[in-house]
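# Inside the fold
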Amino acid sequence: MSINSIGGAGGIDRVLALRAQILERNQALQRANTAPAPQPIAPTNAAPAKSFAASLEDALAQVNAGQQRAGQLSEAYERGETIDIAKVMLARQEAAVGFEATLQVRNKLLSAYQDIMSMPV
């Protein structure tokens, strides 16, 4: 089998051109995905204690923000913007895990409420 039967010099040029396109797109994705890492927030001892309702509200807001971020990344990918599919899938999985955890907390709260309500006084 000779090189001409596979595609010849034109086939090699085409493969090299595709390789160059792939490398160029990877570099564009890397530039788009390079964002400064968030700095961890150090806990302060002087912070007042939050109520249960405020803590629950904050947790729900974080889950909602995660779902909105996943939706925005999905929409951007569907529009054809230079968004890495792995980043989209990771955001969607994080949102799904957050929602599932919230659902489990809700189920436990309902179970605890029902147990308390069924206690004899």
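Above this text sits the structure in question.
So, a few notes on the structure that sits alongside this text. Note that this is a predicted model, so its numbers are computed, not measured.

Counted under the stated rule, the structure contains two salt bridges. A salt bridge links Asp58 to Lys50, with the nearest nitrogen and oxygen atoms 2.2 Å apart. Notably, a salt bridge pairs Arg79 with Glu81, separated by 3.1 Å at the nearest N-O pair. Given the relative accessible area of 41%, Glu81 is considered partly exposed.

What follows is about the layout of surface pockets. Counted as a void, the largest pocket has a volume near 160 Å³. What lines the largest pocket is Phe52, Leu56, Ala59, Leu60, Val63, Thr102, Leu103, Val105, Arg106 and Leu109. Looking at the lining of the largest pocket, the elements with two or more residues in it are helix H3 (52-78) and helix H4 (85-117). Tallied by class, the residues present in the lining of the largest pocket amount to eight nonpolar, one polar and one charged.

On to a nonpolar patch on the surface, then. Taken together, the side chains of Phe52, Leu56, Leu60, Val105 and Leu109 define a hydrophobic patch exposed on the protein surface, amounting to about 440 Å² of accessible area. When residues of the nonpolar patch are traced back to their parent elements, those giving at least two are H3 and H4. The element contributing the most residues to the nonpolar patch is H3, with three residues. On the secondary structure map, Leu109 appears in helix H4. On the accessibility criterion, Leu109 (37% relative accessible area) is partly exposed.

All right, on to the environment of Arg25 then. Here Arg25 lies in helix H2 (residues 8-33). Along the chain, Arg25 and Thr82 lie 57 residues apart, while their C-alpha atoms are 8.3 Å from each other.

To continue, consider H4. Relative to the 48 Å expected for 33 residues at 1.5 Å per residue, H4 spans 48 Å between its end C-alpha atoms, a close match to the ideal helical length. Here H4 has its buried residues at Val88, Ala91, Ala95 and Gly98.

Once that is clear, we can look at the packing of H3 against H4. The interhelical angle for the contact between H3 and H4, taken along N-to-C directions, is 150°, at an axis separation of 9 Å. Between H3 and H4, the angle falls in the class roughly antiparallel. In this structure, the crossing between H3 and H4 has a hand that is left-handed. Mapping the contact onto sequence places Phe52, Leu60, Val63, Gly66, Gln67, Arg69, Ala70, Leu73, Ser74 and Tyr77 in H3 and Ile85, Lys87, Val88, Ala91, Arg92, Glu94, Ala95, Gly98, Phe99, Thr102 and Leu109 in H4. Of the residues contributing to the contact of H3 with H4, the split by class is twelve nonpolar, five polar and four charged.

Calculation notes
- Residues numbered from 1 in each chain as written.
- Predicted model: local features only at pLDDT ≥ 70, side-chain atom pairs only at ≥ 80, totals over all residues.
- Heavy atoms only, no water.
- Salt bridge = Lys/Arg side-chain N within 4 Å of Asp/Glu carboxyl O.
- Buried < 20%, exposed > 50% of the residue type's maximum accessible area, 1.4 Å probe, protein only.
- 1 Å grid on protein atoms, 1.4 Å probe; cavity = no way out; pocket = protein on both sides within 12 Å on 5 of 7 lines; lining within 4 Å.
- Points joined across faces, edges and corners; volume = space filled by probe spheres on them.
- Helix = DSSP H or I, 4+ residues; strand = E, 2+ residues; numbered from the N terminus.
- Nonpolar A, V, L, I, M, F, W, Y, C, P; charged D, E, K, R; others polar.
- Patch = residues over 30% accessible without salt bridge, like charges linked within 9 Å, V, L, I, M, F, W, Y side chains within 5 Å.
- Areas by Shrake-Rupley, 256 points an atom, 1.4 Å probe, with all protein chains shown as cover.
- Expected span 1.5 Å × (residues − 1).
- Axes fitted to C-alpha atoms, helices over the stretch in contact; angles between N-to-C directions.
- Parallel < 35°, antiparallel > 145°, perpendicular 65-115°, else oblique.
- Left-handed = near helix turned anticlockwise from the far one by under 90°.
- Contact = heavy atoms within 4.5 Å.

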